[in-house]
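# Observations on chain architecture
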Amino acid sequence: MGFGGISIWQLLIVLAIIVLLFGTKKLRGIGSDLGSAVKGFRSSVKDEEPQAEDKPEQLAEQKRTQSDSEQSKQSEKDKS
């Protein structure tokens, strides 16, 4: 018994049919495209993690600048 009720021989026959239909060059191209997509996904996930750690600091800075700008607007209104 193989993977999910499919024997190894059945998997080899399906693999042979796929190779005959698409050819080795096309399958190699699909494999390299898939590999580059996975690499790109992993690198983007790694890039996102440090930003998530810095985010609370950035949010605090944004709130500080917003409150400063609101205070300056309020003081301008008071002067008018």
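Before going into details, it helps to say that this report is about the structure given with it. Here the structure is a predicted model, which is why all the values come from computation and not from measurement.

## Thoughts on the overall build of the protein chain
The helix and strand tally for the protein chain stands at two helices and zero strands. Out of the 80 residues belonging to the protein chain, those deemed buried represent 0%.

## Here's the deal with a nonpolar patch on the surface
On the surface, Ile6, Ile8, Trp9, Leu11, Leu12, Leu15 and Val19 cluster together into a nonpolar patch covering about 660 Å² of accessible area. Relative to the assigned elements, Leu11 resides in helix H1 (residues 8-22).

## A word on H1
With 15 residues, H1 extends 21 Å from end C-alpha to end C-alpha; this agrees with the ideal 21 Å at 1.5 Å per step. With its phi angle positive at about 85°, Gly23 sits one or two positions after the end of H1.

Rules behind the numbers
Residues numbered from 1 in each chain as written. Predicted model: local features only at pLDDT ≥ 70, side-chain atom pairs only at ≥ 80, totals over all residues. Heavy atoms only, no water. Helix = DSSP H or I, 4+ residues; strand = E, 2+ residues; numbered from the N terminus. Buried < 20%, exposed > 50% of the residue type's maximum accessible area, 1.4 Å probe, protein only. Patch = residues over 30% accessible without salt bridge, like charges linked within 9 Å, V, L, I, M, F, W, Y side chains within 5 Å. Areas by Shrake-Rupley, 256 points an atom, 1.4 Å probe, with all protein chains shown as cover. Salt bridge = Lys/Arg side-chain N within 4 Å of Asp/Glu carboxyl O. Expected span 1.5 Å × (residues − 1).

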